[in-house]
Amino acid sequence: MTLDLAKDFPPAAFLASKFYAMRIAGIDLVGAGKPSYEDTELYYLAVLTCAAADGELAPSERAFIASGCASFSAPMSLVNKILAISPEDVPLEEILVKIQASETLKYTNWVIVYHTIMTCSADGDFALEEYDAVKKVGAALGLDAKDVDLVRGLELQKQEFKAE
C-alpha cells in the first residue's frame, strides 16, 4: 500500500506538517524520496563501527544491520558491501567527519542514535565502548550526552517490557 500524504492525512494536519517540515528541517514531505546510496552507506557504516567498538561485531549485530539496510530499501549490493566490511578498516573518526559534512544525515540524528543503540544491544550487551562511540555519533549530529542517555533509557525500557 502506498501512502499518499496529500490524500490520506486530514488537510489541516497535512498542511501543518508540510509547513513545519519544510520550514524547520527543509524537508519536502510531498517530494521526499528514499535516502541516497551514499547517505545510507554512511549511516550504516556509523552503526557498524559503533556496534564493533567493543572489539567484536556479533552475528546478532550484523543481522540487525542487514535488516536496517533493508528497511531503508538499500540495494542488495550495499547490504553485502556493509556486511563484508571489517569494522577495524573504517575508523569512527573518519565517519564522524563525513556525517558532519552531510547535508541530509543531520536530520536523522535521533533515529541514527536509536538504531545504533538497538544494534549495539542486539548481542545482549551494550558495552561501554559502544556507548562512547554512539555518543560521538550523536555529538557529530548535534546531540549531547543527555540526549543519547534519553534514547538509551527508551531502549532499556523496551528490554524490560520484553523481559516481562
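Please refer to the structure placed before this passage.
The paragraphs below set out a description of the structure included in this document.

About the cut-offs
Sequence order sets the numbering: in each chain, residues are counted from 1 along the sequence as written. The model is predicted, so local features are restricted to residues of pLDDT at least 70 and side-chain atom pairs to those at 80 or more, both for listing and for counting; the totals for chains, interfaces and linings are taken over all residues. Processing note: side-chain calculations cover all non-hydrogen atoms of the structure and skip hydrogens and water entirely. Each helix is a run of H or I in the DSSP string that is no shorter than four residues. Each strand is a run of E no shorter than two, and both are numbered from the N terminus. We call a residue buried when its accessible area falls under 20% of the maximum for its residue type, exposed when it is over 50%, and partly exposed in between, using a 1.4 Å probe and counting protein chains only. In this analysis, axes come from line fits to C-alpha atoms, helices being fitted only over the stretch in contact, and the angle between any two N-to-C directions falls in the range 0 to 180 degrees. The scheme is simple: roughly parallel for angles under 35 degrees, roughly antiparallel for over 145, roughly perpendicular for 65 to 115, oblique for anything else. In this scheme the crossing of two helices becomes right-handed for a clockwise turn of the near helix relative to the far one and left-handed for an anticlockwise turn of less than a right angle. Here, residues are in contact when the closest pair of their heavy atoms is within 4.5 Å. Basically, the charged four are Asp, Glu, Lys and Arg, the nonpolar ten are Ala, Val, Leu, Ile, Met, Phe, Trp, Tyr, Cys and Pro, and anything else, Gly included, counts as polar. Think of it this way: a Phe, Tyr or Trp ring, Trp meaning its six-membered ring, pairs with another when their centres are within 6.5 Å, and the plane angle makes it stacked under 30 degrees, edge-to-face over 60, tilted otherwise. Consider the ring centre and the ring normal. A charge sits over the ring if Lys NZ or Arg CZ is within 6 Å of that centre and within 35 degrees of that normal.

This brings us to the environment of valine 47. The residue valine 47 is located in helix 3 (residues 37-51) in this model. Of the residues examined, valine 47 reaches a relative accessible area of 0% and is grouped as buried. For the pair formed by valine 47 and glutamate 130, sequence separation is 83 residues and the distance between their alpha carbons is 9.9 Å.

What follows deals with the packing of helix 8 (residues 128-140) against helix 9 (residues 145-163). Their axes nearest at 9 Å, the elements helix 8 and helix 9 cross at an angle of 125°. Considering the angle they form, helix 8 stands oblique to helix 9. Considering how the two elements wind past one another, helix 8 and helix 9 form a crossing that is right-handed. Facing helix 8, whose interface residues are Tyr131, Val134 and Lys135, helix 9 presents Ala145, Val148, Asp149 and Arg152. Here the residues of the contact of helix 8 with helix 9 sort into 4 nonpolar, no polar and 3 charged.

Bringing the packing of aromatic side chains into the picture now. The tally for this structure, following the rule as stated, stands at 2 aromatic pairs. Here tyrosine 43 and tyrosine 44 contribute two aromatic rings whose centre-to-centre distance is 4.8 Å and whose plane-to-plane angle is 50°, an arrangement assigned as tilted. Accessibility expressed as a relative area gives 1% for tyrosine 43, which makes it buried. With a relative accessible area of 2%, tyrosine 44 lands in the buried category. Look at phenylalanine 126 and tyrosine 131: their rings are 5.4 Å apart centre to centre, the planes differ by 70°, and that puts the pair in the edge-to-face class. You'll find phenylalanine 126 and tyrosine 131 in the same group, each marked buried. Between arginine 152 and the ring centre of tyrosine 131, over which it is positioned, the NZ or CZ distance is 4.8 Å.

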